[in-house]
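Each chain is listed here by its residues.
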Amino acid sequence: VPEKAWWKEAVVYQIYPASFKDSNGDGLGDVPGIISKIPYIKSLGVNTIWLSPIFASPQNDMGYDISDYRSIHAPYGTVEDVQVLIDQLHSNDMRLLMDLVVNHTSDEHDWFKESRSSKDNPKRDWYFWRDPKYDSEGNRKEPNNWRSIFGGSAWHFDEQTGQYYLALFLPSQPDLNWSNEDMRKASYDDIRFWLDRGVDGFRIDSMNLMSKHPDLPDGKVVDDEPYQSGAEFFASGPKMHDYIREMRAIFDEYDAMTVGELGFTKDEQSVSEYVANDRHELNMVFTGDIVDMDFDPDSKYGRDDFHPRKIRHITNMWQRVMPKVNGWNSVYLDNHDSGRSLSRYGSDAPEHRSTAAKMLATYLLTLSGTPFMLAGQEIGMANLGKDYGTEAYIDVEGRNHYDAVLKTRGGDHFKMGDVMREIQLKSRDHGRLPMQWDDSANAGFSPEGTTPWMTVNKDYIDWNVASQVDDPDSVLGYWRKMLALRKEYTDLFTYGSYKPLSELDTGEMVLGYERESFETGKRAVVLLNFSDKEQKVHVESPSREEYEVLVSNQENGIKAGYVTLEPYGAVTLVSK
Ligand code: ISL
């Protein structure tokens, strides 16, 4: 039986600050805009906000490149504004998680400026500096073959001191060297700065990249490309758990919660080591597998079709692993780094959109773990449509990929068509579309007459908060109902046991599971149709006498002994 904790009962609403609410008409969302929407957020029934980075930054990676952890990017507001946000959330019984980006800084951070200034600067070792290598013809080469996650070499030559520095993301995001104790201490001071102001916890960005193999060895060569992943030497490295435990001591002083972003590390054993309760490390993680279900194993923009068997496998695995190791996990489908789950794992076709959005909401809110939703999910926001061309896509990851393919394939018509299809599904821009508040200009995100920082999806005319807020049958109405039920049945949905229903009973397009409360013995059966076809499911236990419908996105088809799920249908039954 899991021990209770506030962070297990949190339901988290992720806000991408640039895209939520522009209060001053500069085209960018801001902290006062968020404050103005607290009543709305609270009315949904969520109790925690995760804010993607709002700190001072040149914004080469939308704030994931921080130049000063203790001040706020001016267009977003000030430290005082953030204090108001924190205080107002607290007086509404809500909490705030900030994004802790400490695997790297911006190259405009003072630490990096000092570090790059000379080889003997005291902060030289706060980053990774290495001498060049030379090939047999005497040409200068990078210290190793690691590839940046955004493409190209992960090493960049600095003329002034004649050495390369490591940057696993953009060249302007140099990696911090966590093996340097002074660097760690400086970072902990920044963490305390925010905890002292009342922040309730952190989402830790690129968390498991913070410990690299000390020798920085060449990555395994898998093709004839000049650079190779190298992740086996920079993800979940040898000191990773020491660093986390050191940080955990600080978090404990404040009863702060942590959710670590885990790229690359996906296996049961390694993930468990971060979250097993007796290891005292992180409260929960984001395993990447759930957002990678339509990725090629080696590359995000490579194609692999989503199939419901994948979500069954991943869900069954983590739901069963966590109780086994006395650990906890997040439950999520969306974030700011990919396309909307509705468009990828459900359907945004007009005839299915509302049903599919409700089905995915049912998934998120009936599983054990802490649910994280991305702003806009509650109204069924979707990807940009296929009629948007390349100019609508501005994110550096997708653009780099597009340009790289264009370069190597010389604009081959079919190949470029493939790339565009992948961008239309998975570009990070989709997760960052301005929030659709109403059907006025700019979807009510920015005042009329301003140009929002990025494309407002033109479907806002039909899909917006105002048109759903008073309609209990809308996607928004369904989210509210589900959030209220999750709260009412905390013992069942948050803390209860999990048992998968056999694929033999449900068919391979349906994900089905049973939950049972340790406290009351009450049981729930959840059936989710991940296909656009009707599916007949035989479920032995829910006979009419024992079970009743708790919530569903369809009205008919629920009979003793079997349930006929409509396309993207979702049925949750509970024992009487
Ligand atoms: O590691 C990966 C693949 O397994 C990546 O998905 C990686 O986890 C991801 O790119 C990290 O993202 C985070 O850090 C980036 C930032 O651009 C993203 O927005 C952020 O979520 C660099 O800070």
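This text goes with the structure placed above it.
In this report, the structure presented in the accompanying data block is examined.

About the thresholds
Residues numbered from 1 in each chain as written. Predicted model: local features only at pLDDT ≥ 70, side-chain atom pairs only at ≥ 80, totals over all residues. Heavy atoms only, no water. Near = heavy atom within 4 Å. Polar contact = N/O pair within 3.5 Å; in protein donor to acceptor, adjacent residues only side chain to side chain. Areas by Shrake-Rupley, 256 points an atom, 1.4 Å probe, with all protein chains shown as cover. Nonpolar A, V, L, I, M, F, W, Y, C, P; charged D, E, K, R; others polar. Pairing = 2+ DSSP bridges. Helix = DSSP H or I, 4+ residues; strand = E, 2+ residues; numbered from the N terminus. Axes fitted to C-alpha atoms, helices over the stretch in contact; angles between N-to-C directions. Contact = heavy atoms within 4.5 Å. Buried < 20%, exposed > 50% of the residue type's maximum accessible area, 1.4 Å probe, protein only.

## Observations regarding the site of the ligand
In step 1: Residues in close proximity to the ligand total 16 residues, the closest being Asp 61, His 104, Asp 205, Asp 337 and Arg 428.
In step 2: At a separation of 3.4 Å, an oxygen atom of the ligand approaches a polar backbone atom of Phe 264.
In step 3: Here an oxygen atom of the ligand sits 2.5 Å away from a polar atom, N or O, in the side chain of Asp 337.
In step 4: In the complex, the protein chains occlude 85% of the 510 Å² of accessible area that the ligand would expose alone.
In step 5: Considering only residue class, the shell around the ligand consists of 4 nonpolar, 5 polar and 7 charged.

## Structural notes on the sheet that holds strand β24 (residues 562-565)
Remark on secondary structure: sheet strands pair via backbone hydrogen bonds, oriented parallel or antiparallel.
In step 1: With respect to topology, 3 strands assemble into an open sheet ordered β21-β24-β23, the strand pairing being antiparallel. Bordering the open sheet on either side are β21 (535-538) and β23 (558-559), each of which pairs with just one other strand.

## Quick word on the sheet that holds strand β12 (residues 257-262)
In step 1: One open sheet accounts for 8 strands, arranged β13-β12-β11-β5-β2-β1-β17-β16; its pairing is parallel. What marks the edges here is a single partner per strand, and that holds for β13 (284-287) and β16 (330-332). The mean angle between the axes of side-by-side strands here comes to 25°, regardless of whether they run parallel or antiparallel.
In step 2: Pairing analysis gives 4 bridges linking strand β1 (residues 12-15) to strand β2 (residues 48-51), with the strands arranged parallel. Among the inter-strand pairings, Tyr 13 is bridged to a residue of β2, identified as Ile 49.
In step 3: Set on the sheet, helix α8 (residues 268-275) makes contact with β12 and β13; between it and β13 the angle comes to about 150°.

## Points about the pairing of strand β10 (residues 163-166)
In step 1: Covered by surrounding structure in β10 are Gln 163 and Tyr 165 together with Tyr 164 and Leu 166, the residues of both alternating faces.
In step 2: Here strand β6 (residues 129-130) pairs with β10 via 2 bridges, running antiparallel. Each bridged residue has a counterpart across the sheet, and for Arg 130 the counterpart in β10 is Tyr 164.
In step 3: Note: strand β9 (residues 155-158) against β10, 4 bridges, orientation antiparallel. Residue pairing across strands places Asp 158 opposite Gln 163, the latter belonging to β10.
In step 4: Counting the residues between successive antiparallel strands, the hairpin from β9 to β10 contains 4 residues, one of them, Gly 162, with a positive phi of roughly 70°.

## Describing unusual backbone geometry
Residues other than glycine predominantly adopt negative phi, and peptide bonds predominantly adopt the trans conformation.
In step 1: For Gln 59, which is not glycine, the phi dihedral falls at a positive 65°.
In step 2: With respect to the element layout, Gln 59 can be found in the loop between β3 (55-56) and β4 (68-72).
In step 3: Gln 59 gets classed as buried once you look at its relative accessible area, which sits at 19%.
In step 4: For Tyr 568, which is not glycine, the phi torsion reads 55° and is therefore positive.
In step 5: Its location among the elements puts Tyr 568 in the loop between β24 and β25 (570-575).
In step 6: You can call Tyr 568 buried: its relative accessible area is 7%.

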